[in-house]
Amino acid sequence: MTDFSAGAAWMRGQVMPIDQASIGVLDWGLTHSDITYDVVPVWRGGFFRLEDYLDRFMASMADLRLDPAMTRAEIRAALVQMVATSGLRDAYVAMVCARGAPLIPGTRDPRYCANHFFAWCVPYVNIIPLDRVAAGVSVYVPDDIFRIPEDCVNPRAKNYHWGDFTQGLFAAKDRGFDTVLLTDHQGNITEGPGFNAFIIKDGQVVTSDHGVLHGLTRRTAIEMCQEQGYSVQTRPLPLAEFLEADEVFLTTSSGGVLPVVQVNERHFSNGAPGPQALALRSTYEAWMQRADFRTELAYAPTP
Ligand SMILES: *Cc1c(COP(=O)(O)O)cnc(C)c1O
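Residues numbered from 1 in each chain as written. Predicted model: local features only at pLDDT ≥ 70, side-chain atom pairs only at ≥ 80, totals over all residues. Heavy atoms only, no water.

1. Focus: the pattern of salt bridges
Inspection of the entire model under this criterion finds 20 salt bridges. Between Asp-178 and Arg-132 there is a salt bridge whose closest N-O contact spans 2.9 Å. Highlighted residues: Asp-178 in the loop between helix H5 (163-174) and strand S8 (179-180) and Arg-132 in helix H4 (residues 130-135), separated in sequence by 46 residues. Here Asp-246 and Lys-201 are joined by a salt bridge, their closest N and O atoms 3.9 Å apart. Taken together, the residues span a long stretch of sequence, with Asp-246 in the loop between helix H7 (239-243) and strand S13 (247-252) and Lys-201 in strand S10 (residues 195-201) at a distance of 45 residues. Among the residues examined, Lys-201 registers a relative accessible area of 32% and is labelled partly exposed. (Salt bridge = Lys/Arg side-chain N within 4 Å of Asp/Glu carboxyl O. Helix = DSSP H or I, 4+ residues; strand = E, 2+ residues; numbered from the N terminus. Buried < 20%, exposed > 50% of the residue type's maximum accessible area, 1.4 Å probe, protein only.)

As structure tokens, then:
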């Protein structure tokens, strides 16, 4: 029996253990970060909102003029086959399209590259460890590292341009914070390494409308808040307003809704996760099981 406990990959039509998957050193995905990807969660044996994640991935590829010569149905089938083969019931499932290696050695013409699709999955990832989520997340907002402007790198296509986030993470870790959140050059909160950010103030919910990936968990959070009677605004969110919130939370497919208890020197809700953010975290967990959002997987019976 092949061991997929560490994860599986789909490459060129084959499903393999994740440690056997690799791409070439000449791939522009590696040498130029010329790549897009998406991450969909599998939870208790089914994909969550798979069609919405596929919509975003297809749009990202079109935006970057990446064409893997696979249809949406073929991509969906690859993901289903890979996860079912892996046996993973709770998984972080990445789908990737890379520019590929140049077909003419050394060319700088992006039209002559062999674009290709691959996918991989690993056991479900919590980008903030669960004990830190339970205690409440601390976030550092630097005043000397900024989110790359959206007219330079389009944040709505999920990408590997993480230079700003990585420098921000070092700055946050140096100061003992869990993670980092970046502003734009005008001082508006944008996003962090793999998550969107929200505030709640007097029953109003605000999240940034620009400079961010339109996270699927962001969308789910907006829908949950609307259903629960909050008024939701997507608009520029100045850091000063952010620091005056009643509650702050982060959203990500790798962990759901994450209550924040500290931003820089400011502490929220008496240093414990806020009740409204905690309620949204529970609602998200319930929505992950909603039949209308799920694509159930058919796993091979375990021997
Ligand atoms: C993936 C990601 C998010 C969160 O998006 P989800 O679809 O909710 O997982 C936010 N910002 C960035 C930069 C991301 O890469």
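More follows now that the structure is in view.
2. Topic: the side chain of Lys-158
Mapped onto the fold, Lys-158 is located in the loop between strand S7 (137-140) and H5. With sequence-adjacent residues up to four places away left out, Lys-158 is seen in contact with Ile-35, Thr-36, Tyr-37, Asp-38, Val-39, Arg-56, Ser-60 and Leu-213. (Contact = heavy atoms within 4.5 Å.)

3. Details of the site of the ligand
The ligand sits among 15 residues. The nearest are Lys-158, Glu-191, Leu-216, Thr-217 and Ser-253. With respect to the ligand, the side chain of Arg-56 contributes an N or O atom lying 2.9 Å from an oxygen atom. Those elements that provide at least two residues to the shell around the ligand are strand S9 (191-192), S10 and helix H6 (216-227). Grouping the amino acids of the shell around the ligand by side-chain chemistry returns five nonpolar, seven polar and three charged. (Near = heavy atom within 4 Å. Polar contact = N/O pair within 3.5 Å; in protein donor to acceptor, adjacent residues only side chain to side chain. Nonpolar A, V, L, I, M, F, W, Y, C, P; charged D, E, K, R; others polar.)

4. Considerations on the side chain of Arg-147
Within the secondary structure layout, Arg-147 lies in the loop between S7 and H5. Side-chain polar atoms of Arg-147 contact the side chain of Asp-164, separated by 2.7 Å. Among all residues touching Arg-147, those that are not within four sequence positions of it are Pro-155, His-161, Asp-164, Phe-165, Leu-182, Thr-183, His-185, Thr-190, Glu-191 and Gly-211.

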